[in-house]
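These are the residues of each chain, in order.
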Amino acid sequence: MAQWYYVEKGERVGPVENSEIENLFNSGKLNAESYVWTKGYDNWKHISEAAELGYLLNAKVEDTLPPELDMPPVIDDQNVVLYSWEDLKEDEKIITIKIGQDRGADKEVEYGPFSIIDLQRAYQQNRINEKTLAYIPGENEWSFIANTPIARKVFGKAPPLITETDDERRENRRKPFVARMFFHDSQQVFEGVCRDISVGGMQVLVSNFPFNVGDEITLNVHPENSNYHFVASGLVVRHLKDNQGFALRFVNLSSEAEDSIQKYVG
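Residues numbered from 1 in each chain as written. Predicted model: local features only at pLDDT ≥ 70, side-chain atom pairs only at ≥ 80, totals over all residues. Heavy atoms only, no water.

## Points about the sheet that holds strand β4 (residues 45-46)
- Pairing within the open sheet is antiparallel, and its four strands lie in the order β2-β1-β3-β4. The sheet terminates laterally at β2 (11-17) and β4, the two strands that pair on one side only.
- In this sheet, β4 lies alongside strand β3 (residues 35-38) in antiparallel orientation, the contact comprising two bridges. Bridging across to β4, valine 36 finds its partner in lysine 45.
- Each of β1 (3-8) and β2 touches helix α1 (residues 18-26); the most contacted strand, β2, lies at about 120° to it. (Pairing = 2+ DSSP bridges. Helix = DSSP H or I, 4+ residues; strand = E, 2+ residues; numbered from the N terminus. Contact = heavy atoms within 4.5 Å. Axes fitted to C-alpha atoms, helices over the stretch in contact; angles between N-to-C directions.)

Structure representation (structure tokens):
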């Protein structure tokens, strides 16, 4: 069993068993924003960010789940709002970044969405660099920030272009795992980058979304580096920190979709 630490009134408490964290959460002494830590974490995480504790938040909306959802329709690509680096406004929060390769680490994690202004601040704080990968809806793959038209705005100068071999490009510049989604019986489409994907659900990084906890969403999910996609339905179980997206629980996932996810996560 995992050994957990948590923060109470600014003090570290623990270690405690998983069952104790569950009891504290159910009693209201801990919530989605409470900090926890266990072996393998680089830093403290909110409970809402701890994949191992995701079931605690899922249970909060269990009573609101309908018994079944209709099979969602395929989303027409023409309905998706796309962007270009050249026309991007400095305060538009639609840039997703991927940290890992830029720091020489094996593990890569997606963050965002951010604006150009956010990235300027992150660069000043040494949280990103020229080799940080970035993506906006409308692009076909991740790009080094140094190789995008916003580089001068982010870094205050135009850094040299970063070149790659064909093998490096195939390895590092895959298209993100994206989801196109809209409300049930609605045609307003959003595109977000997926992370922490499992057959149970996933997190979606997307800004300005109108989804509330318990809302039903239809999704077209596009795995990385593949033209194949599947459709799915799910319900929002929580919002991510700083309103940068939400966690979604799949409902009535088809065997085809489940097989695709299993192949993706290995």
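What follows continues from the structure just given.
## Quick look at the sheet that holds strand β5 (residues 95-99)
- Taken together, four strands build an open sheet; the order of strands is β6-β5-β7-β8 and the sheet is antiparallel. If you trace the sheet from one side to the other, it starts and ends with β6 (109-114) and β8 (143-144), each paired once.

## A word on the environment of valine 193
- With respect to the helices, strands and loops of the structure, valine 193 is situated in strand β10 (residues 190-195).
- Since its relative accessible area comes to 3%, valine 193 is described here as buried.
- Distance in space between the C-alpha atoms of valine 193 and proline 176 is 6.4 Å, their sequence separation being 17 residues.
- Excluding residues that lie within four positions of it along the chain, valine 193 makes contacts with Thr96, Glu110, Tyr135, Pro176, Phe177, Val178, Gln203, Val204 and Leu205. (Buried < 20%, exposed > 50% of the residue type's maximum accessible area, 1.4 Å probe, protein only.)

## Quick word on unusual backbone geometry
- Cis geometry marks the peptide bond from glycine 14 to proline 15; its omega dihedral reads 5°.
- Looking at the element boundaries, proline 15 is found in strand β2.
- Here the bond from glycine 112 into proline 113 is cis, since omega is 0°, no more than 30 degrees from zero.
- Phi at asparagine 126 takes a positive value of approximately 60°, unusual for a residue other than glycine.

## Considerations on the packing of aromatic side chains
- According to the stated counting rule, one finds four aromatic pairs in the structure shown.
- Taking 6.0 Å as the distance between ring centres and 75° as the angle between the ring planes, the aromatic pair formed by tryptophan 4 and tyrosine 41 counts as edge-to-face. Of this pair, tryptophan 4 sits in strand β1 while tyrosine 41 sits in the loop between β3 and β4, and the two are 37 residues apart along the sequence. Just as tryptophan 4 is buried, tyrosine 41 falls in that class too.
- Its end group placed over the ring of tyrosine 41, lysine 45 keeps NZ or CZ at 4.3 Å from the ring centre. (Phe/Tyr/Trp six-rings, centres within 6.5 Å; stacked < 30°, edge-to-face > 60°. Lys NZ or Arg CZ within 6 Å of the ring centre and 35° of its normal.)

## What about the pattern of salt bridges?
- Tallying each qualifying case throughout the model produces three salt bridges.
- A salt bridge links lysine 98 to glutamate 108; the shortest N-O distance between them is 3.6 Å. Here the residue lysine 98 occupies a position in strand β5, and glutamate 108 occupies one in the loop between β5 and β6, the gap between them amounting to ten residues.
- On the accessibility criterion, lysine 98 (5% relative accessible area) is buried.
- One connected set of salt bridges, linked through shared partners, spans Lys93, Asp118 and Arg121. (Salt bridge = Lys/Arg side-chain N within 4 Å of Asp/Glu carboxyl O.)

Read these as layout, nothing more, since geometry by itself doesn't imply function.
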